[in-house]
Structure formats: structure tokens, C-alpha cells
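Structural description and commentary
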Amino acid sequence: METSPALAEAATEPSDEALCRAFLAGDEAAFGTLVERHRALIFSLLRRYTARPEDAADLAQQAFLRALEASRRVFSRWSPSGPAPFRAWLIRIALNLAKNHARQGRRWLRAVHQPEPEAPEESAQEALERSEREQQVRAAVLTLPRRQREVLTLRVDGGLGFREIAETLGITETNAKVNFHHAVKRLRAQVAELPGEER
């Protein structure tokens, strides 16, 4: 049975570990490959903390620059034969930047009140109801305790598994699962109380 070209290409792509080692050995392009590999994930996570896509793009740029500045020092501390936790490390950098950004000027609140673009097939009334509903859900997310909000964001927006969330946030995998469970339970309860919600 022949391997598809996409699978063959995926099999030949170097791992994050290999790219980190190559960068340490002097291959400057290896870091660029790491950036391209994780750019969409970092932007998606940062978008949760910003009112505008441009702000998320700026923060992503800052995250990659900080990672580049610290990379040689950090990479050299990782075990040469073990896994390189590049993605978890990069997410921590991005989350720290995002939290600082959110604190300045209460940008989370502005993000909650930013109107959504209207879908072309919706009536004006449907678009208004959808926009109000999404704002209410965003507001509900903002009421979550910080750790629950972080775990929920990494799980839903980042698509990370609980083990990787735990590594990223410096908590246990069980703790990550518990925080996610409580976040979802809390959001469901709050959404059920929203006006117009059928019970």
C-alpha cells in the first residue's frame, strides 16, 4: 500500500526537538520553522485576550521575539536526548503577554462588547440576537476564575490535550481536568440563566 504524499511529507518533517537542536547547532532557519509551525496556535490563543486581530498579531510577534531572545539559554538547559517542551514554553510566554495586555485598560471588557460581523444569510433580528448571545457568553467566560479561564482557553481555542495544558501552566494533569470540568459546568449554568434561554 502506497503512502500518500501528505503523510510522507508529515513523516519527514523534523520534530520540535530536532529543530531546537538544529538551532542550537547554528541553523538559524530552524527557529523560523518553529515559528511557522506554531504561529496559528499562538495567534488563536492571543485573540481571546484582545479586542482586535491586530493586537493579537502584535502580541504574537512579541512572543516570538521574546522566545528568540531567550532560546539559546533555554534550549541548552533541555535534555539533549529528551523531549523539548518548545510548544508549552512558547504558550507560557504568549499567555504572560496576553495577561499583561488584558490587565491594561480592561481590554477583556472591550473585547466582550465588540460587535460581531453579521453573517450574510441572517436577518437583522437574527444577527442582533446572535451578537447579544455571543457577548453574553464572552461575559460569562470573563467571570471564570483565572485558572479555569486559562485551561478553557488552551483546551478550546488551542486544542491542547490535558497533559500539555498541565505542562504549560505548571499544574498536574488532574488539576487541568478538574479546572476544565468546573469551567464548563459554570458556563453551562450561567448560559442556562440567560434571558430567552429555553430550559
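Residues numbered from 1 in each chain as written. Predicted model: local features only at pLDDT ≥ 70, side-chain atom pairs only at ≥ 80, totals over all residues. Heavy atoms only, no water.

In this section: the overall build of the protein. Of the regular secondary structure elements, the protein holds 10 helices and 0 strands. Of the regular secondary structure in the protein, the N- to C-terminal order runs α-α-α-α-α-α-α-α-α-α. Out of the 199 residues belonging to the protein, those deemed buried represent 39%. Long-range pairs, those at least 24 residues apart, make up 62% of the contacts in the protein with a sequence separation of at least 6. Of the roughly 11,900 Å² of accessible surface on the protein, 53% is carried by carbon and sulfur atoms. (Helix = DSSP H or I, 4+ residues; strand = E, 2+ residues; numbered from the N terminus. Buried < 20%, exposed > 50% of the residue type's maximum accessible area, 1.4 Å probe, protein only. Contact = heavy atoms within 4.5 Å. Areas by Shrake-Rupley, 256 points an atom, 1.4 Å probe, with all protein chains shown as cover.)

As a further point, take the side chain of Asp55. Structurally, Asp55 is set in helix α4 (residues 53-77). Among the residues examined, Asp55 registers a relative accessible area of 11% and is labelled buried. Ignoring anything within four residues of it in the chain, the contact list for Asp55 reads Thr50 and His101.

Before going further, it helps to spend a moment on the confidence of the model for the protein. Taken over all residues, the pLDDT of the protein has a mean of 78, while the share at 70 or more is 77%. Mean pLDDT in the protein bottoms out at helix α6 (residues 107-112), which sits at 42, and peaks at helix α3 (residues 28-47), which reaches 91. Here residues 105-114 is a poorly scored stretch, pLDDT under 50, and it has 22 contacts once near neighbours within four places are set aside; other chains count. (pLDDT = per-residue confidence, 0-100.)

Here we take up the packing of helix α9 (residues 162-169) against helix α10 (residues 173-192). The interhelical angle for the contact between α9 and α10, taken along N-to-C directions, is 105 degrees, at an axis separation of 8 Å. Put simply, α9 runs roughly perpendicular to α10. Note on element contacts: α10 touches α9 through Glu173, Ala176, Lys177 and Phe180, opposite Phe162, Arg163, Ile165 and Ala166. For the contact of α9 with α10, a count of residues per class yields 5 nonpolar, no polar and 3 charged. (Axes fitted to C-alpha atoms, helices over the stretch in contact; angles between N-to-C directions. Parallel < 35°, antiparallel > 145°, perpendicular 65-115°, else oblique. Nonpolar A, V, L, I, M, F, W, Y, C, P; charged D, E, K, R; others polar.)

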